[in-house]
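Summary of the model geometry
Below, each chain spelled out in residue letters.
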2 protein chains.
Amino acid sequence: MNLILLEPADWIDASHARVCDPRRLTHLREVHRAAPGDSLTVGALDGAIGRGELLTLTASEALFHVPALDREPPAPLPVHLLLALPRPRMLARSLEHIAALGVKQLTLLHTRRVEKSYWQSPELRPDKIHQHLMLGLEQARDTRLPEVTLETRFKPFVEDRLPALLAGRRGLIAHPGMPQACPRGIDEPTLLAIGPEGGFVDYEVTRFEEAGCEGVHLGERILRVETAVTALLARLF
Amino acid sequence: MNLILLEPADWIDASHARVCDPRRLTHLREVHRAAPGDSLTVGALDGAIGRGELLTLTASEALFHVPALDREPPAPLPVHLLLALPRPRMLARSLEHIAALGVKQLTLLHTRRVEKSYWQSPELRPDKIHQHLMLGLEQARDTRLPEVTLETRFKPFVEDRLPALLAGRRGLIAHPGMPQACPRGIDEPTLLAIGPEGGFVDYEVTRFEEAGCEGVHLGERILRVETAVTALLARLF
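Numbers given for residues are sequential positions, taken from 1 along each chain in its written order. Numbering of ligands from 1 and lettering of chains from A proceed in the order in which they are written. Predicted model: local features are reported for residues with pLDDT of at least 70 only, side-chain atom pairs are reported and counted for 80 or more only, and whole-chain, interface and lining totals are derived from all residues. The basis for every side-chain value is the complete set of heavy atoms in the structure, and neither hydrogens nor water enter the calculation.

The name that an unreviewed UniProt entry assigns to chain A is Ribosomal RNA small subunit methyltransferase E, with the source organism given as Salinicola endophyticus. Database annotation for chain A, UniProt heading Function (unreviewed entry): "Specifically methylates the N3 position of the uracil ring of uridine 1498 (m3U1498) in 16S rRNA. Acts on the fully assembled 30S ribosomal subunit." UniProt positions are given in the numbering used here, feature names are shortened, and annotations may be inferred rather than shown by experiment.

Another point: the overall build of chain A. Helices and strands together make up the secondary structure of chain A, namely six helices and 13 strands. For chain A, the proportion of its 237 residues judged to be buried stands at 54%. By the convention used here, residues are in contact when the closest approach between their heavy atoms is within 4.5 Å. For chain A, the proportion of contacts with a sequence separation of at least 24, taken over those separated by at least 6, is 71%. The way it works is that DSSP assigns letters per residue, a run of H or I at least four long becomes a helix, a run of E at least two long becomes a strand, and they are numbered from the N terminus. Exposed residues in this analysis have more than 50% of their type's maximum accessible area, buried residues have under 20%, and partly exposed residues fall in between, with area computed by a 1.4 Å probe over protein chains only.

Quick look at the interface of chain A and chain B now. Every contact between the two is made by 29 residues of chain A and, on the other side, 29 residues of chain B. Accessible-area loss on putting two parts together, using a 1.4 Å probe and summing over both, is the definition of buried area adopted here. With both sides pooled, the region where chain A packs onto chain B buries about 2,500 Å², and carbon together with sulfur makes up 52% of that total. If you sort the residues of chain A by the area they bury against chain B, Arg184, Arg221 and Ile222 of chain A come out on top, with a joint share of 27%. What counts as a salt bridge is simple: a side-chain nitrogen of Lys or Arg found within 4 Å of a carboxyl oxygen of Asp or Glu. There are four salt bridges connecting chain A and chain B. Residues arginine 221 of chain A and aspartate 142 of chain B are paired through a salt bridge, measuring 3.0 Å at the closest nitrogen-oxygen approach. For this analysis, a polar contact is any N or O atom pair within 3.5 Å, provided that within protein one partner can donate a hydrogen and the other can accept it, and provided that sequence-adjacent residues contribute only side-chain to side-chain pairs. At the junction of chain A with chain B, the criterion picks out 18 residue pairs in polar contact (both at pLDDT 80 or more). Elements represented by at least two residues in the side of chain A that touches chain B include exactly helix 2 (88–101), helix 3 (126–140) and helix 6 (225–236) of chain A. Following the grouping adopted for this structure description, the nonpolar residues are Ala, Val, Leu, Ile, Met, Phe, Trp, Tyr, Cys and Pro, the charged ones are Asp, Glu, Lys and Arg, and the polar ones are all others, Gly among them. Along the lines of polarity and charge, the residues of the side of chain A that touches chain B split into twelve nonpolar, seven polar and ten charged.

This part is about unusual backbone geometry. Its identity as a non-glycine residue notwithstanding, aspartate 46 of chain A has a phi of 65°, on the positive side. Structurally, the position occupied by aspartate 46 of chain A is in the loop between strand 4 (39–44) and strand 5 (49–57). Even without being glycine, arginine 141 of chain B reaches a positive phi, approximately 60°. When you line up the elements, arginine 141 of chain B lands in the loop between helix 3 (126–140) and strand 9 (147–151).

For these two chain copies, the linking operation is a rotation about an axis paired with a shift along it. Each copy is superposed on the other by least squares, with the fit set by C-alpha atoms of residues at a pLDDT of at least 70 in both. The transformation that overlays chain A on chain B combines an axial shift of 0.0 Å with a rotation of 180°, and the residual RMSD is 0.0 Å. Those values place the two copies in the arrangement expected of a two-fold rotation axis. For chain A, the residue whose C-alpha comes nearest the rotation axis is arginine 235 of chain A, separated from it by 2.3 Å. Most of the interface of chain A is mirrored in chain B, where 100% of its interface residues are also at the interface.

Below, the discussion takes up the sheet that holds strand 12 (residues 190–194) of chain A. All names here are of chain A. Pairing within the open sheet is parallel, and its seven strands lie in the order 9-8-7-12-10-13-11. At either end of the open sheet lies a strand with only one pairing partner, and these are strand 9 (147–151) and strand 11 (180–181). At least two bridges found by DSSP between two strands is the condition for calling them paired. Pairing of strand 8 (residues 105–109) with strand 9, which is carried by five bridges, proceeds in the parallel orientation. Considered in strand 9, the bridge of leucine 108 is made with leucine 150.

Further remarks concern the domain arrangement of chain A. Residues and elements named next belong to chain A. Under the domain assignment, chain A is made up of domain 1 (4–71) and domain 2 (79–236). For the domains described, the bounds stem from an automatic or database domain assignment. The gap between the C-alpha centroids of domain 1 and domain 2 is 33 Å. Taken together, the contacts link twelve residues of domain 1 with ten residues of domain 2. When the two sides are added together, the surface that domain 1 and domain 2 hide from each other amounts to roughly 870 Å², 58% of it contributed by carbon and sulfur. Taken as a group, Leu5, Arg23 and Asp46 account for 52% of the area that domain 1 buries against domain 2, more than any other trio of residues on that side. Our count for the domain 1 to domain 2 interface comes out at one salt bridge. Applying the counting criterion to the domain 1 and domain 2 interface returns five residue pairs in polar contact (both at pLDDT 80 or more).

It is worth spelling out the pairing of strand 12 (residues 190–194) of chain B at this point. All names here are of chain B. Taking burial as the measure, the five residues of strand 12 include five buried ones, the bulk of the element. Residue alternation in strand 12 divides its side chains into two sets, Thr190, Leu192 and Ile194 and Leu191 and Ala193, and both sets are buried. As judged from the five bridges shared by strand 7 (residues 79–84) and strand 12, these two strands associate in the parallel manner. Bridging from a neighbouring strand, leucine 81 pairs with leucine 192 of strand 12. Judged from the five bridges that link them, strand 10 (residues 170–174) and strand 12 form a sheet pairing that is parallel. Its bridge partner being in strand 12, glycine 171 is matched across the sheet by leucine 191.

Attention now goes to the sheet that holds strand 10 of chain B. Residue and element names in this part refer to chain B. As summarised here, the arrangement of the seven strands in space is 9-8-7-12-10-13-11, forming an open sheet in which the pairing is parallel. If you trace the sheet from one side to the other, it starts and ends with strand 9 and strand 11 (180–181), each paired once. In this fold helix 6 (residues 225–236) packs onto strand 7, strand 10, strand 11 and strand 12, with an angle of close to 155° to the strand it touches most, strand 12. Geometry is summarised by axes, namely lines fitted to C-alpha atoms with helices restricted to the contacting stretch, and by angles between N-to-C directions that run from 0 to 180 degrees.

So, in structure tokens, the structure goes:
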């Protein structure tokens, strides 16, 4: 927690905020070893960053004086990430990486090799997704929450929504065996599609290519989804 | 497990091997849904890759006929990775990422902000390290086991061993706030140093710089060690 990220409910007035949840209180005590008078980095959800003075710290709340938030959060990545829904434990970690790396639009997509049961996982509940994204933002000192969209049917997504997402964006589909190596250091608006464990099936790759996406690969190593997400984003941007 | 990685003890003769451990047997049954007659990708530890035919699969063993191993494993990364010892759970995952990405030399180093207790973790036992590296190799279809060295004292390492590691290698120390952005797409032999959670202390950064290392950063986001390792390797090579 490199930033104390204050949600609307945490604010008492324009310059005071209160943290009451056990996770952050424990972190303040045990990792930060915070004490009244300490100055800590704080941010407003979807807003700016600044310093907050810890006024009191008890077992049930930490009270901060936040005179001003005057720094912008880090720049977002210019990418809309389209990720085949990973299995639940991998999803949880991937959400943290994705938020920490600065992705602001994420679509979780059903594909042939996504197990249907994954869509019933409690990890997909809005509060769980929110929690993992918050952890990633706190890690990276960011404040802007990514938007997450769930697309449970491949064909309607590709036919009805993909064309609009590709308007003004370069489309890339990461898939082993594609002819082109993943480009480096681009800064244009991009849609990046990443398949599930086991990959996209040929039909899905073809549909992305027909929609205008370029197939790219990361070499002959097959990476886990969470490793591939980080590796692709770090290489692209 | 995209490759069945056969250790010396798994071989019965030059063209037959047997897998007896529960982890791999379960994976063959439940994930691969393998049956006698199936052809699977196999590799010899530190050797070549080929196809093996599953002859029998029982509750206690899988017997393979491996007529020939005729493909080289993927190329290694030209990097010696010097990693401040992460906390145990992070270490386990980092070892898998590191092996999957193709690092072949890894030094785990003590620095000021590494908790001394981490050096007593069971995750540092040679069999545990071996197990995590094997998982990474199986994932990436690689066979060459990384060499892992433990350096429990910073000063003797920097004074006595670092100069030899830097002979013929470009030295990079990844640290937030350094003036130079991490380079992209290099292919020269490299030593890459990555600090612990909380970072290197100034004294340590100075010692690396004095030894000839360039300080590089990955932007203003602070990443978890496992995310930073993958991001730096994917961007550099």
